[in-house]
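Next come the chains, spelled out residue by residue.
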Amino acid sequence: MHRAALVLFFLLQLGSAGAQCFEKCNGHGSCDKYARCNCHAGFQGATCAERVCPFGTAFSDFATADDTAHAEQECSGRGLCDRNTGMCMCMEGFTGVACQRTTCGGGGTCNAFGKCMSMKDLASQTRSTNSEVFLYDTTWDAEKIYGCLCDEGRSGYDCGLVDCPTGDDPLTTGQMNEVQLMKCSSDPNPADSSLKGTFALWFNGYPSTTINVDATAAELESAIEQIQGVGQVTVSYSEGSTSACSTSDTNVIKITFIDNFGALPPIVPFEDNLYPVGSTITISADGLTSMTDWNGAIFTPIKGTKEDGACANRGTCDLSMGSCECYNDNGDTFASSDGYGNAGTRGDCGYAASTISACPGEIACSGQGTCDSTTHVCSCQAGFYGGNCALRECPKGLSWFSYPSGNEQAHDTLVECSNMGTCDNSVGTCECAAGFFGEACQYMACGGGTANPCSGHGECLSMRHLSWESNLNGDATNYIYGTDPNNYATWDADRVNGCNCDDGWEGYDCSLRSCPTGDNPGTYGENREVQLLRCQASSGTFALQFRQETTSALAWDVEAWELKQALEALDTVKSVDVTYSINKITSSTNSTYQQLKSCTTTTASPYCVVQVTGGLVASAVSGMTEATCKAACDADATCNSFAFTAGTGACSYYDLAINATSKSSTSATVQSYWKTSDPLTIKGINKKGLCTNTTQTNVASLTFNSPSGDVPSVIVYSNGLALVDTLTSATTGVLSIATDGSTLSGLTSVMGTTDEEVCSGRGTCVAEFGTCTCHQNWGSSDGKGGQGVLADCGFRQDPIYKEGA
């Protein structure tokens, strides 16, 4: 049977039998009329053989509008998908089924001395040090940045440090304990005893037990001392009543902190259960605002002025044990105190066990500070701290994990190592948690980590810089992420980093090769993108840009094949067809006619000679001009040339048939001429160029084969073009472009509706090499369905006769 007949027979049989998908979609999809798999949820690929991994809010990505980013992304942009299992392989420092959150320090468990929680939970389940309550549940990182809420006595980003006892420096005097004042307006003895109110007090983010409004001073004191971290306090009432609250609001309650030194956060009341409605509790803890009691007595709060230094600033804290090694330098000895300069069991080095005669350190202040000869207190140089200035400070950065400072406001507190690393105070450097870097651990690392960012195949950029690389369908945008420094939603603009992969690479860490893409040749009824380009110019150059790539300078009379070659030289264009609406001859001058050579004549009056096919037509008309002579030539379709003399003994000869001397031409098919005395040279330089003068129109059709689909408009740069034309005063050339169905000089552009699929939807991408393994009977195409070199599986091979058979 004839080969073509066999092919037709085969296709008819295939159509009658229904479409058959390769590998029957592996049982994870349905086959459509194009013999293409529509995969079930959780599967992808041309044959639905690949698993889809869970998606999460991306830690880093490209902006989609000003200050808009963090879209949903597979493995949250911090892991690679195992296509066999559908499980994410997370970057170190990130965890979760979608790598959607940071890993807590201490092996993810806060070293078993704290609770690993999200920023959202930290805000909703705890309070600030000032016992304030804020929400943090809509900002992008609310459930992505995790950290440790350490148990009492523990600290550090991973709760790996044991706090040492703190205390007052025994050699400084004249300092005060913190005193806070309170008034409660509520009925302690309502007629209906079931309406007797209660309240609670918060301190440093922790609550008391429930307190009755008629609590005695001793009961109130006991309730406050049960708050975590408060220690001992004394409570006294100014009026003789035994109730904390009164309807007259005249009892001033004085709360003196005995164990906690320094300026303390305010006590904060919870007063929702007071009776009657409208009852209040007022706290004064600023050291300024006085209160007056029933008897007119005035009470003023006191801000604590005592030191509250680790080891009372008279010893070195061992953070691995939480114990103080008290100074014993040059005969000056310190030991554990009672908090008030006497020997005791506090463990804080606040007791001077000998007469103190010098500042601590074998050399006073370790040679890194200034000694006060009266108090023997060291004032350390910048970068040093400790009672003897022997310890190095680590850099501070904005905290990754700490209580919000307002609703949806966080990451704005400067802390050591940004609360994402441990300070080595012997050298003053931060040891950062996995996935973070910087001298203060202030940056989130890119994929590939700090050792090999972006796997060496891309740039590691901040979210702000990534926004500058954002594109819309391949075209650059003007999006900026982090436009307003006061916008807390974009707090990460200069702190979170991500990869901008080099061409041909992809993945969160740029470790995967990109495979060729193309139109799925099994589909039909689709259109290739056709863009229209028109140029009006007579000299100069122009350039075209497509998806950030720009051609070299193109001559105004560039021919179609040259324009195609220039576009396909761009990395963003693999295959494009270029055709011109008319094939006119152009030259470098683009005037209507140009003199080719001179001739002589003896006539004394105007004389016109028109050369036509088969002979000459001569006329000697009174008043004839060069223009009317040209018009005579134009009027005859067979006119090849004309000559004109004004009767001065010299004439000009104009050759119209310069493209092919055997073919007639008129001004309708010839734009302009190249001035030369050698007709052979003319034949060698004639070009069917793009640009025309204003009386003519040439439109270039740019048909995109690859890339396919609805591609962005070509961008034109026409600054280098010039126009000299007797019909216009314009001197600048003009380039016009039409796309997506708009028209240009009577022609209509076409929006692309073809597919743009990996391996054209007819093969499997091998990401290790960036190559397509084509399905049976499919091979490399030219972008138009024919055989070619694009390696995209877009060519349907003869199912019966293979190449070479």
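Just so we're clear, the structure is a prediction, and the values are computed from it rather than from any experiment.

Colleague: Can you help me understand the nonpolar core in this one?
Modeller: Nonpolar side chains in soluble globular proteins generally cluster together in the buried interior. One finds Trp 400 and Met 444 to be the most contacted residues of the largest nonpolar core, which totals 36 residues. Elements with a contribution of two residues or more to this core: helix 2 (119-125) and helix 4 (463-468). It is helix 2 that contributes the most residues to this core, three residues altogether. Counting residues in each nonpolar core, the second largest holds 27 residues, with Ala 537, Leu 544, Val 558 and Leu 702 among its members.

Colleague: Even after reading the chapter, I still don't get the confidence of the model for the chain, so can you show me in this structure?
Modeller: Detailed reading of predicted coordinates is not advised where the pLDDT is low. For the chain, mean pLDDT is 87; residues scoring 70 or higher make up 83% of the total. The low-confidence segment residues 800-805, where pLDDT is below 50, has eight contacts with residues more than four positions distant or belonging to other chains.

Colleague: For this particular structure, what's the right way to read the packing of aromatic side chains?
Modeller: Where two aromatic rings form a pair, the distance of their centres and the angle of their planes describe that pair. As enumerated under the stated definition, the model contains 11 aromatic pairs in all. Note on Tyr 34 and Tyr 524: the rings are 4.9 Å apart at their centroids and 75° apart in plane angle, and the pair reads as edge-to-face. Taken together, the residues Tyr 34 in the loop between strand 1 (29-31) and strand 2 (37-39) and Tyr 524 in the loop between strand 48 (517-518) and strand 49 (530-536) connect sequence positions 490 residues apart. Look at Tyr 34 and you get buried, because its relative accessible area is 18%. Relative accessible area serves as the criterion here: at 51%, Tyr 524 is assigned to the exposed category. Plain terms: the ring middles of Phe 59 and Trp 140 are 6.3 Å apart, the flat faces sit at 90° to each other, and that makes the pair edge-to-face. Here Phe 59 is found in the loop between strand 5 (55-57) and strand 6 (72-74), whereas its partner Trp 140 is found in the loop between helix 2 and strand 12 (146-150), with 81 residues between them in sequence. For the pair Phe 59 and Trp 140, one class covers both residues: buried. Looking at Lys 144, its charged tip hangs above the ring of Phe 59, at a distance of 4.0 Å from the centre.

Colleague: Hey, could you run me through unusual backbone geometry in this one?
Modeller: That bond from Tyr 275 to Pro 276 is cis: its omega, -5°, falls within 30 degrees of zero. Relative to the helices and strands, Pro 276 is located in the loop between strand 22 (268-270) and strand 23 (280-284). The omega torsion of the bond from Ser 706 to Pro 707 falls at 10°, within 30 degrees of zero and hence cis. Phi at Cys 311 is positive, roughly 55°, even though this residue is not glycine. Following the sequence through the fold, Cys 311 ends up in the loop between strand 26 (309-310) and strand 27 (315-318).

Colleague: Just to check I follow, could you spell out helix 3 (residues 217-225) for this structure?
Modeller: Because an α-helix completes one turn every 3.6 residues, residues spaced three or four positions apart along the sequence face the same direction. Taken together, the buried positions of helix 3 are occupied by Leu 220, Ala 223 and Ile 224. Across the axial projection of helix 3, the buried residues extend over an arc of 100°, all falling on one side. In this structure, the buried residues of helix 3 make contact with strand 17 (198-203), strand 19 (211-212), strand 20 (233-237) and strand 21 (253-257).

Colleague: Where do I start with the pattern of salt bridges in this structure?
Modeller: Two side chains with opposite charge may pair up if their charged atoms get near one another. Under the definition given, this model contains 13 salt bridges. Ionic pairing is found between Arg 36 and Asp 32, a salt bridge with its closest N-O pair at 3.3 Å. Just as Arg 36 is buried, Asp 32 falls in that class too. One salt bridge connects Asp 577 with Lys 564, and the closest N-O pair in it is separated by 3.6 Å. Of this pair, Asp 577 sits in strand 53 (residues 575-580) while Lys 564 sits in helix 5 (residues 560-568), and the two are 13 residues apart along the sequence. You can call Lys 564 partly exposed: its relative accessible area is 26%. Residues joined in a network through salt bridges with shared partners are Asp 32, Arg 36, Asp 755 and Glu 757.

Colleague: I keep staring at the sheet that holds strand 62 (residues 734-738) and nothing clicks. Help me out?
Modeller: Each strand in a sheet pairs with another by means of backbone hydrogen bonds, the pair being arranged parallel or else antiparallel. Pairing within the open sheet is antiparallel, and its four strands lie in the order 53-59-49-62. Edge positions in the open sheet fall to strand 53 and strand 62, since each of these has one partner strand only. Across the sheet, the mean angle from the axis of one strand to that of its neighbour is 20°, orientation sign disregarded. As paired strands, strand 49 and strand 59 (residues 699-706) are joined by five bridges and run antiparallel to one another. Bridge pairing in strand 59 places Val 530 opposite Thr 703. Running over the sheet, helix 5 touches strand 49, strand 53 and strand 59 and is turned about 155° from strand 53.

Criteria and thresholds
- Residues numbered from 1 in each chain as written.
- Predicted model: local features only at pLDDT ≥ 70, side-chain atom pairs only at ≥ 80, totals over all residues.
- Heavy atoms only, no water.
- Core = buried A, V, L, I, M, F, W, Y, C linked by side-chain atoms within 4.5 Å.
- Buried < 20%, exposed > 50% of the residue type's maximum accessible area, 1.4 Å probe, protein only.
- Helix = DSSP H or I, 4+ residues; strand = E, 2+ residues; numbered from the N terminus.
- pLDDT = per-residue confidence, 0-100.
- Contact = heavy atoms within 4.5 Å.
- Phe/Tyr/Trp six-rings, centres within 6.5 Å; stacked < 30°, edge-to-face > 60°.
- Lys NZ or Arg CZ within 6 Å of the ring centre and 35° of its normal.
- Arc of directions from axis to C-beta.
- Salt bridge = Lys/Arg side-chain N within 4 Å of Asp/Glu carboxyl O.
- Pairing = 2+ DSSP bridges.
- Axes fitted to C-alpha atoms, helices over the stretch in contact; angles between N-to-C directions.

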